[in-house]
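Below are the chains, spelled out letter by letter.
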Protein chains: 2
Amino acid sequence: MKNKGLIFVISAPSGTGKTTVINQFLLNHKKDFVVSVSVTTRQPRKGEIDGKDYYFFTKDKFKEYVKTGKFLEYAPVLDNFYGTLKETVKKSVNAGKNVIMDIDVQGAMKIKFKIRDCVTIFLLPPSFSELARRLKNRRTDTPEAVVKRLALAKKELKERVKYDYIIVNKDLNKATENLEELFESIYKLERFKRNRP
Amino acid sequence: MKNKGLIFVISAPSGTGKTTVINQFLLNHKKDFVVSVSVTTRQPRKGEIDGKDYYFFTKDKFKEYVKTGKFLEYAPVLDNFYGTLKETVKKSVNAGKNVIMDIDVQGAMKIKFKIRDCVTIFLLPPSFSELARRLKNRRTDTPEAVVKRLALAKKELKERVKYDYIIVNKDLNKATENLEELFESIYKLERFKRNRP
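Residues numbered from 1 in each chain as written. Chains lettered and ligands numbered in written order. Predicted model: local features only at pLDDT ≥ 70, side-chain atom pairs only at ≥ 80, totals over all residues.

Caption draft 1: Representation of the overall build of chain A within the structure. Along chain A, the regular secondary structure elements total 7 helices and 9 strands. In terms of overall dimensions, chain A is globule-like: its C-alpha atoms have a radius of gyration of 17 Å, near the 16 Å expected for 197 residues. Along the longest, intermediate and shortest principal axes, the C-alpha atoms of chain A span 60 × 45 × 30 Å. A total of 197 residues make up chain A; the buried ones form 34% of that total. (Helix = DSSP H or I, 4+ residues; strand = E, 2+ residues; numbered from the N terminus. Rg over C-alpha atoms; globule rule 2.2 N^0.38 Å. Buried ≥ 20, exposed ≤ 12 C-beta atoms within 10 Å, placed from the backbone.)

Right under this line is the structure:
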């Protein structure tokens, strides 16, 4: 029988570079790892593919799935809902794939509560001022939006102590290496946990 | 500042080969690891050195140390007392040495309770019948003593689920390798725990 995959939950304040690190990591680990696809009620943007970028649900369908307990976690964001289906995670884990859940602090704690043996990782910017610099340099947000994002980041950064592990993203390659090392070590230890006859 | 050492507690039923595995491991890791020296009130056997094999205490001195809270754990065994001094562990850990505590199931749980971030490891014989075979082949115990040891082993084996990790000692080299791998993985992970600024 194939071993079950592990569940990794990764959070970071906006601007930390979480998605870039995860994508760089996946380049060499697509065989064993998947990023869980979230459900959203927002409209697909140009180029987004249903089932790959998100599962796009109507609000009615989303509510129906909430009612029947199909979500591992979900939360409203502005006028829409975002969530993760139990089935999405279960299918991958049972197929022996490790699942990476790219998820915010609130969602992460909900998942940790439901799945005690998931591993939570917080990706940390090298400093708050560096995070501010990165967000300002993006030039995609208005100055007001940047201020908002930074206020949220400050709150989120405080939550890092609740996570199992912390990786600092000072340098993309170094952070990706750290993530690899972390996953590898956890994977090795898992073997000694599962040895129980 | 030097990083603090980690604390590893290793238990196993008599006859599992725990001491042999630990000694084999230490051959290549004396720089970073020490086995904590226990205190006993029993008489030193021929060749045993005070401070190396045990700290040999009188019963009065032992009781005094118990009263003043100097023991991390202690327990009576037949007519004598055995225990581990807080100071012994503290000194090594502060010097950056990882401490291996070779200790029975009861003692292990006492230590886990007091030092939450210690790592507990249970060394498992490949099977109960193999353990019985090994104990019988020792020829140092009377058949009655073997029966007693096996009864105790049966009880101890049930406690393995309380440990963080399990290593099966089927083959000495393999078990030593597993121990190395386990320590290394834990050590690597520790770095990501301590990263907290």
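Caption draft 2: View of the nonpolar core. Formed by 82 residues in total, the largest nonpolar core has its most connected members in Ile 121 and Ile 167 of chain A together with Ile 121 and Ile 167 of chain B. Filtering out sequence-adjacent residues up to four positions away, Ile 121 of chain B remains in contact with Phe 8, Val 9, Ile 10, Tyr 163, Asp 164, Tyr 165, Ile 167 and Leu 182 of chain B. (Core = buried A, V, L, I, M, F, W, Y, C linked by C-beta atoms within 7 Å. Contact = placed C-beta atoms within 7 Å.)

Caption draft 3: Up close: the sheet that holds strand E8 (residues 119–124) of chain A. All names here are of chain A. The parallel open sheet is built from 5 strands, whose spatial order is E2-E7-E1-E8-E9. Strand pairing shows two members of the sheet lacking a second neighbour, strand E2 (33–35) and strand E9 (165–168), which therefore form its edges. Put simply, the sheet's adjacent strands are angled 25 degrees from each other on average, direction ignored. Strand direction decides the pairing type here: E8 and E9, joined by 4 bridges, are parallel. Counterpart to Ile 121 in the pairing with E9 is Tyr 165. The strands touched by helix H3 (residues 86–94) are strand E1 (7–11), E2 and strand E7 (98–102); relative to E7, the strand with the most contacts, the crossing angle is about 150 degrees. (Pairing = 2+ DSSP bridges. Axes fitted to C-alpha atoms, helices over the stretch in contact; angles between N-to-C directions.)

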